[in-house]
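What follows is each chain in one-letter form.
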Amino acid sequence: MNDILKTDICVIGAGSGGLSVAAGAVQMGADVVLIEKGKMGGDCLNTGCVPSKALLAAGHAAENARTASQFGVTTGPVSVNFAGAMDHVHSVIAGIAPHDSVDRFEELGCTVIQAKACFTGPNELIAGGKRIIAKRFVIATGSRASVPPIDGIDSVAYFTNETIFENRTCPDHLIVIGGGPIGLEMAQAHQQLGAKVTVIEMSTILPKDDTDLVAVIRKTVETEGISLYEKAKTKRVEPHGDQIRVIIERDGTDITIEGSHLLIATGRKPNVENLGLDDAGIDYSPRGIKVDARLRTSNRKIFAIGDVTGGLQFTHMAGYDAGIVIRNILFRLPAKVDHSAVPWVTFTSPELAQVGLNEAAAREKFGNAIRVVTWDYAENDRARAEAKTTGFIKVITTPRGKILGTGIVGHQAGELIGLWSLAISRKMKIGAVAGMIAPYPTLGEISKRVAGAWYTPSLFSEKTRKIVRFLLKFG
Ligand SMILES: Cc1cc2nc3c(=O)[nH]c(=O)nc-3n(C[C@H](O)[C@H](O)[C@H](O)COP(=O)(O)OP(=O)(O)OC[C@H]3O[C@@H](n4cnc5c(N)ncnc54)[C@H](O)[C@@H]3O)c2cc1C
Ligand SMILES: NC(=O)c1ccc[n+]([C@@H]2O[C@H](COP(=O)([O-])OP(=O)(O)OC[C@H]3O[C@@H](n4cnc5c(N)ncnc54)[C@H](O)[C@@H]3O)[C@@H](O)[C@H]2O)c1
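Keep in mind that what you see is a predicted model, and the values were worked out from it rather than measured. (Residues numbered from 1 in each chain as written. Chains lettered and ligands numbered in written order. Predicted model: local features only at pLDDT ≥ 70, side-chain atom pairs only at ≥ 80, totals over all residues. Heavy atoms only, no water.)

Peer 1: Explain the site of ligand 1 to me, please; I cannot follow it from the model alone.
Peer 2: Of all residues adjacent to ligand 1, which total 36 residues, the nearest are Gly 17, Glu 36, Lys 53, Asp 307 and Thr 315. The backbone of Ala 140 places a nitrogen or oxygen atom 3.5 Å from an oxygen atom of ligand 1. Protein burial of ligand 1: of its 1,000 Å² of free accessible surface, 91% is covered by the chains. Contributing elements (two or more residues each) for the shell around ligand 1: helix H1 (16-27), helix H2 (42-47), helix H3 (49-66) and helix H8 (315-331). Of the residues that constitute the shell around ligand 1, the class distribution is 12 nonpolar, 16 polar and eight charged. (Near = heavy atom within 4 Å. Polar contact = N/O pair within 3.5 Å; in protein donor to acceptor, adjacent residues only side chain to side chain. Areas by Shrake-Rupley, 256 points an atom, 1.4 Å probe, with all protein chains shown as cover. Helix = DSSP H or I, 4+ residues; strand = E, 2+ residues; numbered from the N terminus. Nonpolar A, V, L, I, M, F, W, Y, C, P; charged D, E, K, R; others polar.)

This is the structure in structure tokens:
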């Protein structure tokens, strides 16, 4: 343990958050040590966003082939090579991996240590037999699947996001416990790739999203053939021959569901254990490391970002947090997080995207002093051309038109939400979107049309008609 490394910034965890801090800081002239105990790229690249979106893309390709006849395109019977779909998943990971690799970060100038880090004091830690003393530390150790203590859970084999992308045979019947974004994305991908799928959710599916938008997802996945059990308590799981039985209770009745495979997708646990946080003087709980608005922990020289803080657990939030700590550490600016315009997207088909307040949250905050306008995909010419008319946009504003939140359920909703994210973060009024020229025919016109609809009651009113008739008298 004589090997001592002194550095400006020591980053723990080379996932979405840690990599962003390390790359930014080293390129701006700081001396950076980056420590990763597992795979470079963390959850997002290896077991999260990237594989899940690649598997969904494979599922959507199968679904598009099955429904191609509506365009007059005939295919033979659609067959899926599940292992081929997983090959696609791993080729996408492999394509992105060099960007997050040890080689790239060493070329940028970081010292990369591939080992587990553990604090031994308020300004030092050990990793890979080295003692690292840094002016500032950034903890970006992420989160892992949280498996609930369901009776019998240890008696059966189950997937989490860490193992499901290693599976190369299509499950006959995949039972998914948890109807959040992971549960629903994986449920639809597997169903579209040929598995029978059942989802068990103790609340309602996608409980963090607007209920009207979620209703569209519910209808779509049920129509596609996924069995949903909402407001269902998982009482027990048990092996039954080579099958898995899940016993649930819904409306006071026990129901037994038998499947070939089980996925647990019931939320996340921040990685706070075995990090020596007590030795470093850092306040934390099982819900995450406590940080202030500048992302400083209770030890002011140590910052924490991304999933480990237990906040909004998205790759783009880990990246956003990275920008905040870089400004704090390198430029001594008191930059603070602002969560008023955080978008998120669930990548089912149709997609569900949200930014700002949803209707329920807006009503809770402002009572009935809000306006809600909607516009259907079915009214959009591009959506019609592409036979993707399911869905709608919902915008919530103050009575004077300040945009409070937007939700979109429909084809490419995730590509449409950026405009609303910008509008909310720049505190724009809905008139700015109504006045935008949107190219025809694009799905983007949906945003312009919903903004236009906000003005419909006043624009096409009797008062306006009277004014127009009066003015026309003058020639
Ligand atoms: C299935 C799934 C799908 C997802 N899809 C999306 C999506 O579509 N869009 C989106 O925005 N988000 C998505 N997410 C969430 C996203 O993956 C996370 O929010 C993001 O990865 C968090 O980044 P992070 O840097 O905080 O942590 P991570 O990416 O998890 O990185 C943490 C790193 O720290 C390392 N580490 C932990 N402890 C130590 C230690 N003691 N010493 C050294 N290293 C350590 C870990 O090995 C890991 O590599 C998804 C997540 C899952 C599970
Ligand atoms: N597209 C995306 O951006 C995306 C995709 C996947 C994951 N993520 C991120 O990862 C996080 C974790 O995803 P997640 O879906 O695991 O978590 P989640 O917390 O969002 O959803 C978990 C769901 O499981 C349910 N649940 C919990 N315990 C249960 C039980 N015993 N029985 C039945 N249902 C139970 C909850 O009610 C909830 O609906 C997300 O919150 C999100 O931040 C993002």
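Peer 1: It is not clear to me how the sheet that holds strand E12 (residues 243-250) should be interpreted in this structure. Could you clarify?
Peer 2: Within a sheet, adjacent strands bond to each other through the backbone by hydrogen bonds, running parallel or antiparallel. In spatial order, the strands read E11-E12-E13; together these three strands make up an open sheet with antiparallel pairing. Looking along the sheet, the strands with just one partner apiece sit at the ends: strand E11 (233-240) and strand E13 (253-259). Adjacent strand axes in the sheet meet at a mean angle of 20°, parallel and antiparallel pairs treated alike. Two strands pair when backbone bridges link them, and E11 and E12 are joined in this way by seven bridges, in the antiparallel orientation. Of the residues in E12, the one forming a bridge with Glu 238 is Arg 245. (Pairing = 2+ DSSP bridges. Axes fitted to C-alpha atoms, helices over the stretch in contact; angles between N-to-C directions.)

Peer 1: Can you help me understand the packing of aromatic side chains in this one?
Peer 2: Note on aromatic pairs: each is described by the distance of the centres and the angle between the planes. Under the defined criterion, the tally for this structure stands at four aromatic pairs. Taken together, a centroid distance of 5.9 Å and an interplanar angle of 10° make the contact between Phe 314 and Trp 344 stacked. With Phe 314 in the loop between strand E18 (302-304) and H8 and Trp 344 in strand E19 (residues 344-346), the pair connects residues that are 30 residues apart, well separated along the chain. Here Trp 454 and Tyr 455 contribute two aromatic rings whose centre-to-centre distance is 4.9 Å and whose plane-to-plane angle is 70°, an arrangement assigned as edge-to-face. Judged by its relative accessible area of 9%, Trp 454 is buried. (Phe/Tyr/Trp six-rings, centres within 6.5 Å; stacked < 30°, edge-to-face > 60°. Buried < 20%, exposed > 50% of the residue type's maximum accessible area, 1.4 Å probe, protein only.)

Peer 1: When you look at the state of the cysteines in this model, what are you seeing that I'm missing?
Peer 2: For the structure shown, the criterion picks out one disulfide. Two residues, Cys 44 and Cys 49, share a disulfide whose sulfurs are 2.5 Å apart. The sign of the S-S torsion, about -135°, decides the handedness of the disulfide formed by Cys 44 and Cys 49: left-handed. A residue is classified by how much of its surface remains accessible, and Cys 44, at 14% relative accessible area, is buried. The thiol sulfur of Cys 10 is not disulfide-bonded, and the nearest other cysteine sulfur, from Cys 110, lies at 11 Å. (Disulfide = S-S within 2.5 Å.)

Peer 1: What exactly am I supposed to notice about the sheet that holds strand E10 (residues 227-229) here?
Peer 2: Reading across from one edge, E10-E9-E8-E14 is the order of the four strands in this open sheet, with parallel pairing throughout. With one partner strand each, in any of the chains shown, E10 and strand E14 (261-264) form the two edges of the open sheet. On average, adjacent strands in this sheet sit at an angle of 15° to one another, irrespective of strand direction. Helix H6 (residues 181-192) rests against strand E8 (173-177), strand E9 (196-200) and E14 of the sheet, and its axis sits at about 165° to E9. (Contact = heavy atoms within 4.5 Å.)

Peer 1: What is the right way to look at the site of ligand 2 in this model?
Peer 2: Near ligand 2 there are 24 residues, and of these Glu 185, Glu 201, Lys 208, Gln 313 and Val 345 occur at the shortest range. In isolation ligand 2 exposes 840 Å². Once the protein is present, 83% of that is buried. Counting only elements with at least two residues in the shell around ligand 2, the list comes to H6 and E19. At three residues, H6 tops the list of elements feeding residues into the shell around ligand 2.

Peer 1: Before we go on, may I ask you to explain the side chain of Arg 136 in this structure?
Peer 2: With respect to the helices and strands, the residue Arg 136 is situated in strand E6 (residues 130-139). It turns out Arg 136 is buried and unbridged, and the closest side chain with the opposite charge, Asp 8, is 9.1 Å from it. Contact partners of Arg 136, with chain neighbours within four places excluded, come to Asp 8, Ile 9, Cys 10, Lys 301, Phe 303, Ile 329 and Arg 332. (Lys, Arg positive; Asp, Glu negative; His and termini not counted. Salt bridge = Lys/Arg side-chain N within 4 Å of Asp/Glu carboxyl O.)

Peer 1: Help me understand unusual backbone geometry, please; the structure alone is not making it clear to me.
Peer 2: Residues other than glycine predominantly adopt negative phi, and peptide bonds predominantly adopt the trans conformation. Of note, the bond from Ser 349 into Pro 350 is cis; its omega dihedral lies within 30 degrees of zero at 0°. Looking along the chain, the bond that leaves Tyr 440 and enters Pro 441 is cis, with omega of -10°. Its place among the elements puts Pro 441 in the loop between helix H12 (430-434) and helix H13 (445-459). Within the chain, Asp 251 stands out as a residue other than glycine whose phi angle is a positive 50°. Summarising the element assignment, Asp 251 is placed in the loop between E12 and E13. By relative accessible area, which is 74% here, Asp 251 ends up exposed.

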